[in-house]
Amino acid sequence: MQLRDNLVTDTGWEIREESFNEELLINNGSNFMTGNGYLGYRGTLPEWRADQYVGCFVTDTYDNADGKWEELASAPNGLYVSVSVDGREVSALGGETIDYSRELSFRYGRHARRMSWSMDPRAAGAEANVATPAASAPAESAPPQLTLEDERFASYGNIHLMAARHRLSAHAAGRVTIHAGIDGEVWSLHGEHFRSCEPSSAGDDLYMKTITGERQIGMVVSNRVVFTEGPEPAARELVTEDRGIFRRLDFDVAAGTDIAFELYCVIYTSNDLPDPAGACARDLDQCSEKRYPRLWTEHTRVWDGIWDCSRVDVDGDELAQVLLRYNIYHNVIATPAHTDHLPIGARGLSCQAYQGAAFWDQEIFNLPMFVYTRPDVARRILIYRYKTLDGARRKARRLGYYGAFYAWVSSDTGDEICPSYFFKDVLTGRDIRNHFNDWQIHISPDIAYAVWNYYLVTGDWAFMRDYGAEMLFEIAQFLVSRVHFKRDKHRYEFIRLLGPDEYHENVDNNTFTAVQARYALRAAVNVYVALGDRQPELRESMTARLGIEQSHVDEWRRMVELIHVNEPDLATGVIEQFDGFFDHEDITPDALAERLIDPGEYWGWPNGIAVPTQVSKQADVCQIFTLHRGQYSTEVMKANYDYYEPRTQHGSSLSPSVYGTVASWIGYTDTAREYLVKSSAVDLFNTNKSVSGGTFIGGIHTAACGAAWQMVVFGFCGLELEGETLRFRPHLPESWASVSFFLEIRGALLDVEVASSSVTVTSRATSRSGVGVVVGNTPAEEGGSLEPAESVTLTF
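An account of the accompanying structure is given in this report. (Residues numbered from 1 in each chain as written. Predicted model: local features only at pLDDT ≥ 70, side-chain atom pairs only at ≥ 80, totals over all residues. Heavy atoms only, no water.)

## Remarks on the packing of aromatic side chains
Following the criterion strictly, the structure yields 53 aromatic pairs and no others. Ring geometry for Phe 20 against Trp 48: centres 5.7 Å apart, planes inclined by 55°, an arrangement best described as tilted. A residue pair is termed long-range when its members are at least 10 positions apart, and Phe 20 in the loop between β3 (14–17) and α1 (25–31) and Trp 48 in the loop between β5 (39–41) and β6 (56–64) qualify at 28 residues. Phe 20 sits in the partly exposed class, given a relative accessible area of 22%. Judged by centre distance (5.2 Å) and plane angle (85°), the ring pair of Tyr 53 and Trp 187 falls under edge-to-face. Linking Tyr 53 in the loop between β5 and β6 with Trp 187 in the loop between β14 (174–183) and β15 (194–202), this pair joins segments that are 134 residues apart in sequence. With a relative accessible area of 24%, Tyr 53 lands in the partly exposed category. Put simply, the rings of Trp 69, Tyr 354, Phe 359, Trp 408, Phe 422, Phe 423, Phe 436, Tyr 503, Tyr 602 and Trp 603 touch in pairs and so form one group of aromatic residues. Looking at Lys 395, its charged tip hangs above the ring of Phe 405, at a distance of 3.9 Å from the centre. If you follow Arg 539 out to its NZ or CZ, it ends over the ring of Tyr 528, 3.9 Å from the centre. (Phe/Tyr/Trp six-rings, centres within 6.5 Å; stacked < 30°, edge-to-face > 60°. Helix = DSSP H or I, 4+ residues; strand = E, 2+ residues; numbered from the N terminus. Buried < 20%, exposed > 50% of the residue type's maximum accessible area, 1.4 Å probe, protein only. Lys NZ or Arg CZ within 6 Å of the ring centre and 35° of its normal.)

Have a look at this one:
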């Protein structure tokens, strides 16, 4: 199937490019990346270096190189391999490539390249001092001199390992030279992160030992090559540079000679264990014992388990199917499922943009897929937020509040790392003071929303007792310290805000923020009561430690009742985004764009072209519906979709999925499907800009990846959880025969198939509990009850 330009898929489980386009180096480096949640390796070719945006990003290596941006360090490239023939480097960037293809398999996270190569006849003539008339016809392609085949994967069997396999097939006699080793010249957005790089060797193994400049984190990258086929090298040499160490191997080959080898790269840091070099040596020995086929089998076994839970199968829409798998794959490999002290980065491990850090994206876009399919992973990500409570407390105190004001951009400590000057005015060259880090307060209630939603789906009281309760209480306290009580109106208001629409800062009573705050406070009250009923002594000790008294809880309750939330207009049903929004100039994004002086201008605060208008960067009011569908009628959702959608620029990758989900609920099924493609192809089809306001923001948009699952399961299939009952309100596109997926709800392991007029839910024999199932508007008590090893089909 042709996806776009030279991008194709055969089975829906891979993407493949069949010609090389140098203009897509940045984009394809992200699209074709491999990873495992511990590290991410960009989809570059083995012979490339920093100029081709090679990058390997390892979790838990946060460092500040330039005094502004704290980000993940870019590790030395332990998979570097270059090949030359008679002194000419074999590369897609030089010479003539024949029969080129490159593929990424989502099924198992395997990157593979095949390329036949010949020396460019014109370049060969120049080297031989043979004149080539400028006006002469192009030289015909020479027969290939060499065919390269290579593949690699970032292991889930051992998350510190990347394994690669190479084969060189000579089609003519000559000298083939292989450089294989560790290249320290890698792409880094904001400067040099290593204060020292120490290359070394031990037997057949190569090492690069580095120490970061700010936190002095030690990182060791190791490399071993095992030859499996071919002649002995005519010469070998160890080449050591300041920023690299390589084996140089020369082979005199005849036509028909094959050379094959396996390459193992192991990476550890001092944040993993005290002796990273020793761990590397141990793992390299294990690799030599197991060899590539066994390592691959261990890796694929883990992926089989992941896809068993994460799959979404669409019958009747090949494009939607491949996009879903692509996005689910990237949501998985961006997630540090191995630990509970690290976040899901807004660009995952594809690059250093957005600093490898968590935003609200994590809880609202990435996490729901895991909550409903792999709750153990969701639990660990939420525990990360518990472990960063102290950072949230520090931020609140620094800004004059108390409780937990979570960082807008959060790394490992939870301290705010979002720069106050994020963008640059491209017209004046001056930095722009944005208030993402102090006015965008919805981050804290967003986390509370995720905590409470996780509990509703899983029933995990141990999590709530040990982690969630304290988070909810401290978030509630922050909201108390941040709110204003208007005595003349007898209501609480949140003022000086920045909602999801980031173009409009310093606004009052942003509706999304108010709705989320009310929800968070209600959840805190519910847990306070439940904790008192279940474990009163624990509640007493916890509240004493936090300084929370009954009067504080009474204030939470009052706020739930008296927070000002903009309601739907009685005549139109439209909800005002914030106070005074309707007084702004009413103009469409396309018409507004004509006012740009420079295409790189930032549209938002303080003086961007969108500030005095109703043009929103992204979904704001409609974002409310995706989180609180049950509170609003279809008519209200439709009225607000119709009003806000034409006024939304979609300057954020978070936006299309929101409008697509709401569109599927209000009967705009074809539009919803278009939004599914738009949201899910933001990276694959390179539709979003990589630079905004002078700041690089490229890489994989992990929020859009997580949202793809939601658009289908929550959107088209209409899944809602009501207590212990699953409700489905399906609205499938006409071409879709069915959608099938897996859910885990409070211990019930469920295989779901949604068709055009029926829903079938099968509980696996390994389920630990039962669950109720209803469709449409059927009362919950009239639905089917499903016990382990049972199946039910409901029609609508």
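## Examining the sheet that holds strand β31 (residues 725–728)
Here we have 4 strands laid out as an open sheet, ordered β30-β31-β35-β36, and mixed in their pairing. Edge positions in the sheet fall to β30 (719–722) and β36 (784–786), since each of these pairs with one other strand and no more. Averaged over all pairs of adjacent strands, the angle between their axes in this sheet comes to 30°, without regard to strand direction. Where β31 and strand β35 (residues 771–775) come together, 4 bridges link them in parallel fashion. (Pairing = 2+ DSSP bridges. Axes fitted to C-alpha atoms, helices over the stretch in contact; angles between N-to-C directions.)

## As for the packing of helix α4 (residues 318–333) against helix α17 (residues 669–680)
For the pair α4 and α17, interaxial distance at closest approach is 10 Å and the crossing angle is 40°. Relative to α17, α4 is oriented oblique. By crossing handedness, the relation of α4 to α17 is classed as left-handed. Each of Leu 319, Ala 320, Leu 323, Tyr 326 and Asn 327 in α4 lies in contact with α17, whose residues at this interface are Arg 673, Leu 676, Val 677 and Ser 680. Looking at the contact of α4 with α17, its residues break down into 6 nonpolar, 2 polar and 1 charged. (Parallel < 35°, antiparallel > 145°, perpendicular 65-115°, else oblique. Left-handed = near helix turned anticlockwise from the far one by under 90°. Contact = heavy atoms within 4.5 Å. Nonpolar A, V, L, I, M, F, W, Y, C, P; charged D, E, K, R; others polar.)

## Considering the environment of Ile 344
With respect to the secondary-structure elements, Ile 344 resides in the loop between α4 and α5 (361–373). We classify Ile 344 as buried; its relative accessible area is 1%. Linking Ile 344 and Tyr 421, residues 77 residues apart in sequence, is a C-alpha distance of 23 Å. The residues touching Ile 344, leaving out its near neighbours within four places in the chain, are Ala 334, Thr 335, Pro 336, Ala 357, Ala 358, Gln 362, Asn 366 and Ile 381.

## Let's talk about the environment of Tyr 421
For Tyr 421, the position within the fold is in strand β22 (residues 421–424). Since its relative accessible area comes to 40%, Tyr 421 is described here as partly exposed. Measuring from C-alpha to C-alpha, the distance between Tyr 421 and Phe 436 comes to 9.5 Å, with 15 residues separating the pair along the chain. Among all residues touching Tyr 421, those that are not within four sequence positions of it are Lys 68, Asp 431, Ile 432 and Arg 433.

## Focus on unusual backbone geometry
Residues Trp 605 and Pro 606 are joined by a peptide bond in cis, for which omega reads 0°. For Pro 606, the location among the structural elements is in the loop between α13 (589–593) and α14 (621–627). A positive phi angle, near 60°, is found at Asp 99, a position not held by glycine. Assignment of secondary structure puts Asp 99 in strand β10 (residues 96–105).

## Here we look at the pairing of strand β34 (residues 758–763)
Across the 6 residues that make up β34, a large majority, 5, are buried. Where β34 meets strand β37 (residues 791–795), 5 bridges bridge the pair, whose relative direction is antiparallel. Along β37, the bridge assignment pairs Thr 762 with Ser 791.

## A few points about the pattern of salt bridges
Within the structure shown, the criterion is met by 61 salt bridges. Here Glu 70 and Arg 215 are joined by a salt bridge, their closest N and O atoms 2.7 Å apart. Here Glu 70, found in strand β7 (residues 70–75), pairs with Arg 215, found in the loop between β16 (205–212) and β17 (218–229); they are 145 residues apart in sequence, far enough to count as distant. The buried category is assigned to Glu 70, whose relative accessible area is 11%. The salt bridge involving Lys 486 is made with Glu 493; its shortest N-O contact spans 3.1 Å. Since its relative accessible area comes to 3%, Glu 493 is described here as buried. Here the salt bridges do not stand alone but share partners, grouping Asp 10, Arg 16, Glu 18, Glu 103, Arg 110, Glu 151 and Arg 165 into one network. (Salt bridge = Lys/Arg side-chain N within 4 Å of Asp/Glu carboxyl O.)

## Focus on the packing of helix α9 (residues 461–482) against helix α10 (residues 511–534)
Taken N-terminus to C-terminus, the directions of α9 and α10 make an angle of 135°; their axes are 9 Å apart at the nearest point. Looking at the two axes, α9 sits oblique to α10. Crossing of α9 against α10: the hand is left-handed. Contacts between α9 and α10 involve Trp 461, Met 464, Ala 469, Leu 472, Phe 473, Ile 475, Ala 476 and Leu 479 from the former and Ala 517, Ala 520, Leu 521, Ala 523, Ala 524, Val 527, Tyr 528, Ala 530, Leu 531 and Arg 534 from the latter.

## Some points on the layout of surface pockets
Empty space within the largest pocket amounts to approximately 810 Å³. Lining the largest pocket we find 37 residues, and of these Tyr 449, Asn 453, Thr 626, Leu 627 and His 628 sit closest to its centre. For the lining of the largest pocket, the secondary-structure elements that each account for two or more residues are α5, α8 (443–458), α10, α14, α16 (655–665), α18 (702–716) and β30. Sort the elements by how many residues they give to the lining of the largest pocket and α5 lands first, with 7 residues. Classifying every residue of the lining of the largest pocket by side-chain character gives 20 nonpolar, 11 polar and 6 charged. Around the second largest pocket, the lining comprises 33 residues; the ones closest to its centre are Tyr 354, Lys 617, Gly 651, Ser 652 and Ser 653. For the lining of the second largest pocket, the class distribution of residues is 16 nonpolar, 11 polar and 6 charged. (1 Å grid on protein atoms, 1.4 Å probe; cavity = no way out; pocket = protein on both sides within 12 Å on 5 of 7 lines; lining within 4 Å. Points joined across faces, edges and corners; volume = space filled by probe spheres on them.)

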